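# Understanding the architecture of this molecule
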Amino acid sequence: MKKLVVLSGAGMSAESGLRTFREMGGLWEEYDVYEVASPGGWQKDRELVLRFYNERRKQLLEAEPNAGHLGLVELEKFFEVWIVTQNIDDLHERAGSSRILHLHGEIRKARSTADPSLVYDIEGWKLEEGDLCEKGSQLRPHVVWFGETLPEAPLAAALDLSENCDLFLVIGTSSMVQPAASLPRYALRSKIFTIEVNPEPTQISEIANEYIQSNSGIALPKLLEEMKKYL
């Protein structure tokens, strides 16, 4: 079975009604997103950061996977599908995709501020001051904040997948946030046929082998038939 690697971005989540940082205009309520999604913000006002992510988690629990997510699950009947996602939600998991690599963390998990290897599932949508790891340290959202570097292991795995697949699909990402934005370029450099699906053109649109100007929920069901020719 041929290997299909999918890079998914915030546009896919937006189709399920989840607001993106770009849609927030750089602000959440009256706060700059750096105040609620950065190490500096955490040091300055931990309660505010926790409230910001609680609100996002609550919104996520009210959302459902859209036709784009379900379309990727359908592709597993024909390809070995690997999803590399910049999204911190669990909509790919809830849709039923089997192989998912989160580059920027997972909002429904928490990790220890003392030992990053200690990661826990969050029941419900609240993570609060006083929620501690087994070593007695405060738990924080298990996400990569502005100003933090991506963990090496998922990034290395994503690079390997991008260079060693049969088909590469880019969906709903602005292709501006590094290092994820470089993954389609690695695929193209390795002579891997690359398709982008996006309602607005990006830096990848001009160099991809094929650009489809559409939302994923509309494009993927139709794209399935076309992609069968790569089997």
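It should be noted that the structure appears before, not after, this text.
Below or above, wherever it landed, is the structure these notes cover. All residue numbers refer to positions counted from 1 along the written sequence of the respective chain. Totals for whole chains, interfaces and linings use all residues, but because this is a predicted model, local features are given only for residues with pLDDT of at least 70 and pairs of side-chain atoms are given and counted only at 80 or more. Water and hydrogen atoms were dropped before computing side-chain values, which therefore reflect all heavy atoms in the structure.

On to the pattern of salt bridges. For this analysis, a salt bridge means a side-chain nitrogen from Lys or Arg found within 4 Å of a carboxyl oxygen belonging to Asp or Glu. Scanning all chains against the criterion turns up nine salt bridges. Lys-77 serves as the salt-bridge partner of Glu-74, at 2.9 Å between the closest nitrogen and oxygen. Sharing partners across several salt bridges, the network here consists of Glu-64, Asp-90, Arg-94 and Arg-108.

With antiparallel pairing, three strands are arranged side by side in an open sheet as S7-S6-S8. Each of the sheet's edge strands pairs with one partner strand only, and the pair in question is strand S7 (119–121) and strand S8 (139–143). Neighbouring strand axes in the sheet, compared pairwise and without regard to direction, differ in orientation by 45 degrees on average. On top of the sheet, helix H4 (residues 46–62) reaches strand S6 (105–112) and S8; it is set at about 140 degrees to S6, its chief contact. The criterion for strand pairing is that DSSP finds at least two bridges linking the strands in question. Each helix corresponds to a stretch of at least 4 residues labelled H or I by DSSP, and each strand to a stretch of at least 2 residues labelled E; elements are numbered beginning at the N terminus. Note on geometry: axes are C-alpha line fits, over the in-contact stretch for helices, and angles between N-to-C directions span 0 to 180 degrees. Residues are treated as being in contact if the distance between any of their heavy atoms lies within 4.5 Å.

We define a nonpolar core as any set of buried Ala, Val, Leu, Ile, Met, Phe, Trp, Tyr and Cys residues linked to one another through side-chain atoms lying within 4.5 Å. The cut-offs for exposure are 20% and 50% of the maximum accessible area for each residue type, with area from a 1.4 Å probe on protein chains only; residues under the lower value are buried, those over the upper are exposed, and the others partly exposed. Among the nonpolar cores identified, the biggest contains 23 residues, and Phe-52, Tyr-53, Leu-127 and Trp-145 are the most heavily contacted of them. Among the elements that make up this core, the one with the highest residue count is H4 (six residues). Once residues lying within four places of it in the same chain are set aside, the contact partners of Trp-145 are Ala-37, Ser-38, Pro-39, Trp-42, Val-49, Tyr-53 and Arg-140. Counting 19 residues, the second largest nonpolar core, distinct from the first, contains Leu-4, Ile-171, Ala-219 and Leu-220.

Just distances and angles here, no functional claims.
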